[in-house]
Amino acid sequence: MCGIAGVWRKRNPVSGGDLAAVGRMMQALAHRGPDDHATWNDSRLALGHRRLSIIDLSEHAREPMLTACGQGVLVYNGEVYNYRSLRGTLEAEGRRFRTVSDAEVVLEALHHWGPDKAIPLFDGMFSLAYFDMRAATLWLARDRLGIKPMSVAETAERILFASEDKAILACDDVARAIDAREITLRLAWQSRDSGSSLFEGIERLPPAGLWKITDAGIEKRCFWHVLDVLDAARIVGDDATDAEHMTTLEKLIQDSVGLHCIADTSLAAACSGGVDSGLVTTLAKRFRPEMSAYVVDPRIGHSEAEDAERTASHAGVTLHRIPIDKDRLLELWPRTIWHLESDGWHASHACLLALAEQCRADGVKVLLTGEGADELFGGYDWQEASMRLWRPWSWPGRLFRSKRYLARRFERQRYAPFRTSIANAHGWDRNIVLRALSPELNFLQAKIFDRLEPLPSLSDRAFLGCCLHDMYGHMQDLLNRHDRLSMAASVELRVPFIENRLIDFAIHLPRRHKYRHKQGKWLLKKVAEKHIPRENVHARKNGFQVSANFTTGTQGLLRGGLLRDAMKWPAASLDDLIDLARRDQASRMRLVGMELFLRLHAGGQTAGHLTEALRAAVNEAG
């Protein structure tokens, strides 16, 4: 688990300035890899690597890593959990290894099989840069659902790439310009964080991005997308019993947790007390008996600590509570936004940073979480609400509506089929919004809904389609948050539910196994009942809540700030915006968070200075 950086020269050879740029990028990424660092370069490419040692802690596993023949080189951020089985296959084909690291397996697979064949075989989380000197070709790639990040910027003479935007911004020929459209998208609650940058001129590889860079330029494509692999016939033809699916799912989860426990360093679990993290914590205990668990315990608001304690006690795992109060949140909030490179719109972001920092202080380098289960197995209320949009077509509702009416409404509603759709009203209004905001994400809704056409129930199509769409919407925000804030404290965060076989199983699971008897994640909860307390399995889903009191008064920071100028809001509107932020916590977090982002990344202010400014605003409002 690491930070990577590189400079590709389009024409002239690599110069001292390019090597200096890699050095600056590596310094900006020091938090991602405090254990080691190294560089490599040839006539057109310079690479840098910051290492957080997790598997094979020896110097032999350091990167940039070259093949024995010297014709292939790799910098790699992540873990490919099936590296042992891939190594066995490669050895059977005559490849020899010098280390026991997963990085060398990744390099040999890329060099021996080629990226097009090798990368779809990788089961894990990764972003990587691989240079094949035989073909003078640089490959950039990212895992299929975008757990690990990659940012890219192209200038007249170079292509720059790194694990985070801030590393690219450290280069002389990249302007620190803010994209006002991206600010608008985030203020409009669009899910953008994983695949889009707030800085002009910086692009991020999309999930499953596979970019080929040669003298001819950049060829951009993806090696995996749910639309390409989704087989609606498998869902329609699924006749497995509940018991059969339970057995399959339990085995898949156990196998995945076992793979995610592979590490040559200490490991723990983030245990919130819910179904997903509780199941991961309990199963991980079987593979790592010495492991412990962590939970954030807010001093004000809803705390999950008691539920987490119940699960931890049941599993025989020591639970560490991490207290958070208002003063601590105001200290962490600006640092959270610095690492997120976005607005930090939810108080849970600062809490995750606090958790990661405590893990690191305790010597824990690897943290397991339950993220991804709600998207894959149907755990959100808006997924269930999407079913209700299609009730007019269900029996007996369709008896009271004409076929003509239903046909007209269907054509309109299929373009906004889920409760999370931006608009479900007049078609003209909807189309304007979709075009103006985030068309690549919003038009995906209709494509997914249409791909599920073989399902006879429109309500089932809506529910399952909403789950699939969340993989590219809501999940992207979560994965971006988890990577940035765990790595801010030099901790690797792993997500066992986002594993290749589990993904395939989940996306082809019928609605009845995801939502039944007014209960989401039905099948997953049936499996969980065997491992964690039933009280936790069937508790009401609350999400992570922190009291609004933690940020009350911070809206004063909007006065005299940078956000109004960036958005070109009239000065007369500022009082109304401040009043909105005062009344509504969600708006306050968004608006003040974006103000903090601008002051940090455009205004040059420090996180410590902004913490004091937040405290001053609170005192003034008090």
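Residues numbered from 1 in each chain as written. Predicted model: local features only at pLDDT ≥ 70, side-chain atom pairs only at ≥ 80, totals over all residues. Heavy atoms only, no water.

Draft legend 1. Layout of the side chain of R158. By secondary structure assignment, the location of R158 is in strand β9 (residues 158-162). Taking the relative accessible area as the measure of exposure, R158 reaches 7% and is therefore buried. Engagement of the side chain of R158 in a polar contact is seen with the side chain of D18, the distance being 2.7 Å. Beyond its immediate stretch of four places on either side in the chain, R158 contacts V7, W8, R9, K10, G17, D18, A21, A153, C171 and D173. (Helix = DSSP H or I, 4+ residues; strand = E, 2+ residues; numbered from the N terminus. Buried < 20%, exposed > 50% of the residue type's maximum accessible area, 1.4 Å probe, protein only. Polar contact = N/O pair within 3.5 Å; in protein donor to acceptor, adjacent residues only side chain to side chain. Contact = heavy atoms within 4.5 Å.)

Draft legend 2. Structural context of the nonpolar core. Among the nonpolar cores identified, the biggest contains 159 residues, and F122, L128, F377 and M471 are the most heavily contacted of them. At nine residues, helix α13 (residues 347-361) tops the list of elements feeding residues into this core. Core analysis: the second largest hydrophobic core is formed by 18 residues, W8, L138, L140 and I159 among them. (Core = buried A, V, L, I, M, F, W, Y, C linked by side-chain atoms within 4.5 Å.)

Draft legend 3. Seen up close, the pattern of salt bridges. Evaluation of the coordinates by the stated rule reveals 61 salt bridges. Salt-bridge contacts for D18 lead to R9; the nearest nitrogen and oxygen are separated by 2.9 Å. Residues R321 and E309 are paired through a salt bridge, measuring 3.7 Å at the closest nitrogen-oxygen approach. You can see R321 sitting in strand β15 (residues 318-324) and its partner E309 sitting in helix α11 (residues 305-315), a full twelve residues away along the chain. Residue classification places R321 among the partly exposed positions, given a relative accessible area of 35%. Judged by relative accessible area, which is 30%, E309 ranks as partly exposed. Put simply, R32, K148, E164, D165, K166, R204, E341, D483 and R484 are held in one network by salt bridges that share partners. (Salt bridge = Lys/Arg side-chain N within 4 Å of Asp/Glu carboxyl O.)

Draft legend 4. Broad picture of the sheet that holds strand β7 (residues 137-142). The six strands lie next to each other as β4-β5-β6-β7-β11-β12, forming an open sheet whose pairing is antiparallel. A single partner strand is all that each edge strand has here, and the edge strands are β4 (65-66) and β12 (217-222). Alignment of strand β5 (residues 72-80) against strand β6 (residues 124-132), held across nine bridges, turns out to be antiparallel. Within β6, the residue paired with V73 across the bridge is F131. Lying over the sheet, helix α3 (residues 102-113) contacts β4, β5 and β6, oriented at roughly 125 degrees with respect to β5. (Pairing = 2+ DSSP bridges. Axes fitted to C-alpha atoms, helices over the stretch in contact; angles between N-to-C directions.)

Draft legend 5. Just the pairing of β9, in detail. Across the five residues that make up β9, a large majority, five, are buried. Neither face of β9 is open: one carries R158, L160 and A162, the other I159 and F161, and all of them are buried. The pairing of strand β1 (residues 2-9) with β9 spans five bridges and is classified as antiparallel. Directly across from W8, in β9, lies its bridge partner I159. Linking strand β8 (residues 151-154) back to β9 in an antiparallel pair, the connection comprises three residues.

Draft legend 6. Helix α15 (residues 381-388), seen in detail. Turning to α15, its buried residues are Q383, E384, A385, S386 and M387. Those residues of α15 that are buried lie in contact with α14 (373-377) and α19 (458-470).

Draft legend 7. Unusual backbone geometry, seen in detail. Going from E63 to P64, the amide bond is cis rather than trans, its omega being 0 degrees. Within the chain, A208 stands out as a residue other than glycine whose phi angle is a positive 65 degrees. For A208, the position within the fold is in the loop between β10 (202-204) and β11 (209-214). Here the phi dihedral of K521 falls at roughly 50 degrees; this positive angle occurs in a residue that is not glycine. Tracing the backbone shows K521 in the loop between α21 (500-507) and α22 (522-528).

Draft legend 8. Geometry of the sheet that holds strand β2 (residues 36-41). The antiparallel open sheet is built from six strands, whose spatial order is β2-β3-β1-β9-β8-β10. The strands lining the two open edges of the sheet, one partner per strand, are β2 and β10. Ignoring which end each strand starts from, the neighbouring axes of this sheet average 15 degrees apart. Sheet topology note: the β8/β10 ladder contains three bridges and is antiparallel. The residue of β10 that forms the bridge with V152 is E203.

Draft legend 9. Structural detail: the packing of helix α25 (residues 574-583) against helix α26 (residues 585-601). Where α25 meets α26, the closest approach of the two axes is 5 Å, and the angle between their N-to-C directions is 125 degrees. The angle between α25 and α26 falls in the class oblique. Here L577, L580, A581, R582 and R583 of α25 lie close against α26, whose contacting residues are Q585, S587, R588 and L591. Its residues assigned to classes, the contact of α25 with α26 shows four nonpolar, two polar and three charged. (Parallel < 35°, antiparallel > 145°, perpendicular 65-115°, else oblique. Nonpolar A, V, L, I, M, F, W, Y, C, P; charged D, E, K, R; others polar.)

Draft legend 10. The arrangement of the environment of V73 in detail. Along the chain, V73 turns up in strand β5. For V73, a relative accessible area of 0% translates into the label buried. The sequence separation of V73 and I253 amounts to 180 residues, and the corresponding C-alpha distance is 34 Å. Dropping the residues within four chain positions of it, V73 is found in contact with W40, L47, P64, M65, L66, L107, A129, Y130, F131 and M133.

Draft legend 11. Spotlight on the packing of aromatic side chains. Evaluated as defined, the whole model comprises ten aromatic pairs. With 6.4 Å between their ring centres and 70 degrees between their planes, F377 and F497 make a pair best called edge-to-face. In this pair, F377 is assigned in helix α14 and F497 in the loop between β17 (492-494) and α21, connecting sequence segments 120 residues apart. As far as burial versus exposure is concerned, F377 and F497 are alike and both buried. Every member of this aromatic cluster is reached through a ring pair, and the members are W8, W40 and F131. The residue whose ring lies beneath K166 is W338, and the NZ or CZ to ring-centre distance is 5.5 Å. Note that K220 overlies the ring of W211, its terminal NZ or CZ placed 4.7 Å from the centroid. (Phe/Tyr/Trp six-rings, centres within 6.5 Å; stacked < 30°, edge-to-face > 60°. Lys NZ or Arg CZ within 6 Å of the ring centre and 35° of its normal.)

Draft legend 12. The arrangement of helix α6 (residues 180-187) in detail. By the burial criterion, the buried members of α6 are E182, I183, L185, R186 and L187. On its buried face, α6 sits against α24 (563-567) and α26. Its side-chain oxygen placed 3.0 Å from the backbone nitrogen of R181, D179 serves as the N-cap of α6. Count one or two residues on from α6 and you reach W189, which has phi positive near 65 degrees.

Draft legend 13. Representation of the environment of D460 within the structure. Inspection of the secondary structure assignment puts D460 in helix α19. Considering only alpha carbons, one finds D460 and C271, 189 residues apart in sequence, at a separation of 31 Å. Discounting residues that sit within four places of it in the chain, D460 has contacts with M387, L455 and R511. Within the structure, D460 has its side chain in polar contact with the side chain of R511 (distance 2.8 Å).

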